[in-house]
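Geometric and topological summary
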Amino acid sequence: MNKTSTGADDRRTPPDPIRRAEKAALVYPFDGPPAPGETTEVADGVLWIRMPLPFSLNHINLWAIRDGEGWAIVDTGMQTPDTATAWQLLRGPLGGCRSPGCSSHTCIRTMSAWPAG
């Protein structure tokens, strides 16, 4: 039996980890991720793009940020036929865009020149 500083019994039990997890559940502000070749506006001038990957980690989240009359692309995805097809669909809605090359991942660099070309 544990005694508190006042001498009373401290019979509290630690919180149930399952109840804690239920209370900490994530709430997503969107119905789902954008489909390949589509965007979801997450803030004024910020678009969420999701590109497929051919691994067990099956996608990467990319971002398009309004940059004057065009878009700056943060990450571009891995150079695969599926990613190239998705970028082909995005060329119309995004118009002119540039990739600042802010990521050092090799898989990102492989597509970095493609969206603007």
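Data block above holds the structure.
Residues numbered from 1 in each chain as written. Predicted model: local features only at pLDDT ≥ 70, side-chain atom pairs only at ≥ 80, totals over all residues. Heavy atoms only, no water.

**A short note on unusual backbone geometry**
Where we set the bar: The helix count covers DSSP runs of H or I at least four residues long, the strand count covers runs of E at least two residues long, and both are numbered beginning at the N terminus. For each residue, the accessible area found with a 1.4 Å probe, counting protein chains only, is set against the maximum for its type, and the residue is called buried under 20%, exposed over 50%, and partly exposed in between.
The phi dihedral of Asp75 falls on the positive side, at around 70 degrees, and the residue is not glycine. Of note, Asp75 is situated in the loop between strand E4 (70-74) and helix H2 (81-94). Residue classification places Asp75 among the buried positions, given a relative accessible area of 15%.

**Things to note about H2**
As a reminder, the rule being used: By this rule the span expected of a helix is its residue count minus one, scaled by 1.5 Å. Whether two residues are in contact is decided by their heavy atoms: any pair within 4.5 Å suffices.
Between its first and last C-alpha atoms H2 spans 19 Å; for 14 residues at 1.5 Å apiece the expected length is 20 Å, and the two agree. Looking at H2, one finds that the buried residues are Thr83, Ala86, Trp87, Leu90 and Leu94. Residues of H2 that are buried in the fold lie against strand E1 (39-43), strand E2 (46-52), strand E3 (59-67) and E4.

**Focus: the nonpolar core**
Under the convention used in this document: In these notes, a set of buried Ala, Val, Leu, Ile, Met, Phe, Trp, Tyr and Cys residues joined through side-chain atoms within 4.5 Å is what counts as a nonpolar core.
By size, the foremost hydrophobic cluster in this structure holds 13 residues, and its most contacted members are Ile49, Met51, Ala64, Trp87 and Leu94. Every element with two or more residues in this core is listed here: E2, E3, E4 and H2. The greatest single-element share of this core, amounting to four residues, is contributed by H2.

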